[in-house]
Amino acid sequence: MSQLFSPISFGPLTLSNRIVVAPMCQYSAEDGRASDWHAMHLGNLAQSGAGLLILEATAVEARGRISWADLGLWDDGTEAALAQVLASVRRWSPMPLGVQLGHAGRKASVNRPWDGGGQLPADDARGWPTVAPSPLPFHAADPAPQELDEAGIAEVVAAFAASAVRAERLGFELIEIHAAHGYLLHQFLSPLSNRRTDGYGGSLPNRLRMLVEVFDAVRAAVSDKVAVGVRISASDWVEGGWDIVQSEALAQVLDARGCNFLHVSSGGLHERQKISVGPGYQVPFAAAIKAKKVRMPVIAVGMITEPEQAESILRHNQADAIALARGILYDPRWPWHAAAALGDSVVPAPQYLRCEPRDARGVFSPR
């Protein structure tokens, strides 16, 4: 058997193979509510044969959305809309589902990418004031975000925990905390965006504090049946910013606190980033963290496009699992094709297997 198609466990969750569909923003929600697009998009990916599907960055409060069209899970309305989509997906696929919970911080209140992106002007009814660890905008021309005080930080931590409760109620088997790509938790980690002088800034332990509090709050909010992990950017790709050495230290802190997996990406925090992009360009970050002998599985992601490439990463012990994003949008049956290329087999989510919802949340019961 290939490594790619061998089982792996993220804490309480065991996957049939090591292929993970990474979170991908769809910018197709309505006031945070999942739409028909999500049912179609997720339904397609749930038939891919991957071991796990993680939903896109899902905001824990309305001002935490990246754009006005982002998915959310902060109230009964957003929860009910997502429940309806999940019931449809689960009727036809037993694939394990996870959700990425996040907060955009200073990178919030932007337009959709195909509408030009960029922060919305103050007079745009679809926009809102942003928050951050320090009053430093992402782009110099953007309005400065409001600096969160300690009470505001506590509110955000509580919002993550509340969304986690909703996620478990929806039947998600895994929660990924989004601390990557320049969003709020990453902003607290990096000295380029965090200039605080209180207990949340300055030293590395202080800059880790916000993420650690969120992790602990989410872990405490859900049962031990739910896997909880973190996605990080291992480097800002800017001199003097967050880097692999600090990422290794963070990984060891999270590992000691019972983190079930670490999903290793990079970049997104600063407009001066200079990323050396190429096949598997982020894999060395995952490998460096895995070499620190952390107990939790490490997921590699970023321009991993070929089955042999993915298999080699696993066999050389550079990572424990492989995440795909654009590659699986381009080829939604990538796992099937990878199994054929590696002389292995995958048990697809069977379209012919009838799965009736067990309850209103869409937990399925095959028959």
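Rules and cut-offs
Residues numbered from 1 in each chain as written. Predicted model: local features only at pLDDT ≥ 70, side-chain atom pairs only at ≥ 80, totals over all residues. Heavy atoms only, no water. Helix = DSSP H or I, 4+ residues; strand = E, 2+ residues; numbered from the N terminus. Rg over C-alpha atoms; globule rule 2.2 N^0.38 Å. Buried < 20%, exposed > 50% of the residue type's maximum accessible area, 1.4 Å probe, protein only. Areas by Shrake-Rupley, 256 points an atom, 1.4 Å probe, with all protein chains shown as cover. Lys, Arg positive; Asp, Glu negative; His and termini not counted. Charge placed at Lys NZ, Arg CZ, Asp CG, Glu CD. Pairing = 2+ DSSP bridges. Axes fitted to C-alpha atoms, helices over the stretch in contact; angles between N-to-C directions. Contact = heavy atoms within 4.5 Å. Core = buried A, V, L, I, M, F, W, Y, C linked by side-chain atoms within 4.5 Å. Parallel < 35°, antiparallel > 145°, perpendicular 65-115°, else oblique. Polar contact = N/O pair within 3.5 Å; in protein donor to acceptor, adjacent residues only side chain to side chain. UniProt positions renumbered as here; feature names shortened; annotations may be inferred. pLDDT = per-residue confidence, 0-100. Salt bridge = Lys/Arg side-chain N within 4 Å of Asp/Glu carboxyl O.

- Per an unreviewed UniProt entry, the protein goes by NADH:flavin oxidoreductase/NADH oxidase and derives from Stenotrophomonas indicatrix.

## Quick word on the overall build of the protein
(1) Moving on: If you tally the helices and strands in the protein, you get ten helices and 14 strands.
(2) Moving on: Rg of the C-alpha trace for the protein: 19 Å, near the compact-globule value of 21 Å for 367 residues, within the 12% margin.
(3) Moving on: Taken along the three principal axes of its C-alpha coordinates, the protein extends 55 × 45 × 40 Å.
(4) Moving on: Burial analysis of the protein (367 residues in total) assigns 58% to the buried set.
(5) Moving on: Surface exposure of the protein reaches about 14500 Å², of which carbon and sulfur atoms provide 53%.
(6) Moving on: Here the protein carries 33 positive and 38 negative side-chain charges, and the mean point of each set is 4 Å from the other.

## Examining the sheet that holds strand 4 (residues 52–59)
(1) Moving on: Spatial strand order, 3-4-5-8-9-10-11-12: eight strands in a closed barrel with parallel pairing. Pairwise comparison of adjacent strand axes, ignoring direction, gives a mean angle of 25 degrees for this sheet.
(2) Moving on: In this sheet, strand 8 (residues 174–179) lies alongside strand 5 (residues 97–102) in parallel orientation, the contact comprising four bridges. Bridging across to strand 8, Val99 finds its partner in Ile175.
(3) Moving on: Contacting strand 4, strand 5 and strand 8, helix 3 (residues 150–169) crosses the sheet at an angle of about 165 degrees to strand 5.

## Brief notes about the nonpolar core
(1) Moving on: Judged by nonpolar contacts, the single largest core of 85 residues is most densely connected at Ile177 and Val230.
(2) Moving on: Here Ile177 is in contact with Leu101, Phe160, Leu185, Leu211, Val214, Phe215, Val218, Val228, Gly229, Val230 and Arg231, once residues within four sequence places are set aside.
(3) Moving on: In this structure, Ala22, Leu174, Ala227 and Ala321 belong to the second largest nonpolar core, which totals 15 residues.

## What to know about the packing of helix 8 (residues 307–315) against helix 10 (residues 334–341)
(1) Moving on: Remark: helix 8 packs on helix 10, axes separated minimally by 9 Å, with the N-to-C direction vectors making an angle of 75 degrees. The orientation of helix 8 relative to helix 10 falls into the category roughly perpendicular. Across the interface between the two elements, Pro307, Glu308 and Ala310 of helix 8 pack against Trp334, Ala338 and Ala341 of helix 10.

## Points about the side chain of Ser2
(1) Moving on: You can see Ser2 is positioned in the segment before strand 1 (8–10).
(2) Moving on: In terms of polar contacts, Ser2 uses its side chain to reach the backbone amide nitrogen of Phe5, at 3.2 Å.
(3) Moving on: When residues no more than four places from it in sequence are discounted, the contact partners of Ser2 are Glu311, Arg315, Leu342 and Asp344.

## Quick word on the UniProt feature "domain: NADH:flavin oxidoreductase/NADH oxidase N-terminal" (unreviewed entry) in the protein
(1) Moving on: Per the UniProt entry, the sites bearing "domain: NADH:flavin oxidoreductase/NADH oxidase N-terminal" (unreviewed entry) are residues 3–340 in this numbering.
(2) Moving on: Secondary structure across residues 3–340 comprises 33% helix and 15% strand; the distance between its end C-alpha atoms is 14 Å.

## Side note on the environment of Asp331
(1) Moving on: Within the secondary structure, Asp331 sits in the loop between helix 9 (326–330) and helix 10.
(2) Moving on: Judged by its relative accessible area of 19%, Asp331 falls in the buried class.
(3) Moving on: Once the C-alpha coordinates of Asp331 and Leu45 are considered, the two residues, 286 residues apart in sequence, prove to be 9.9 Å apart.
(4) Moving on: Within polar-contact distance, the side chain of Asp331 engages the side chain of His337 at 2.8 Å.

## Digging into the confidence of the model for the protein
Reading predicted coordinates in detail is not appropriate for stretches of low pLDDT.
(1) Moving on: On average, the protein scores 94 in pLDDT, and the residues at 70 or more come to 94%.
(2) Moving on: Low pLDDT, under 50, characterises residues 349–367; the stretch is placed with 44 contacts to residues that sit more than four places away or in other chains.

## Comments concerning the pairing of strand 10 (residues 262–265)
(1) Moving on: By the alternation rule, side chains of strand 10 split into Leu262 and Val264 and His263 and Ser265, which are all buried.
(2) Moving on: Where strand 9 (residues 227–233) and strand 10 come together, four bridges link them in parallel fashion. Bridge pairing links Ser233 to Ser265 in strand 10.
(3) Moving on: Bridging between strand 10 and strand 11 (residues 298–301) involves three bridges; their strand directions are parallel. Following the sheet pairing, His263 is matched in strand 11 by Ile299.

## A word on unusual backbone geometry
(1) Moving on: Of note in the backbone geometry, Ser109 takes a positive phi value of approximately 60 degrees without being a glycine.
(2) Moving on: Within the secondary structure layout, Ser109 lies in the loop between strand 5 and strand 6 (131–132).
(3) Moving on: What makes Ser109 buried here is its relative accessible area of 3%.
(4) Moving on: Not every positive phi belongs to a glycine, and Met303 is a case in point at roughly 55 degrees.

## Things to note about the pattern of salt bridges
Side-chain pairs of opposite charge can arise whenever the charged atoms involved come near each other.
(1) Moving on: Evaluated as defined, the whole model comprises 13 salt bridges.
(2) Moving on: The residue Glu213 makes a salt bridge to Arg209 at a minimum N-O spacing of 3.0 Å. Of this pair, Glu213 and Arg209 both sit in helix 5 (residues 204–221), separated by four residues, roughly a single helical turn.
(3) Moving on: Residue class for Glu213 comes out partly exposed when judged on its relative accessible area of 25%.
(4) Moving on: Among the residues examined, Arg209 registers a relative accessible area of 32% and is labelled partly exposed.
(5) Moving on: Look at the salt bridges and you will find they share partners, linking Asp76, Glu79, Arg166 and Arg169 into a network.

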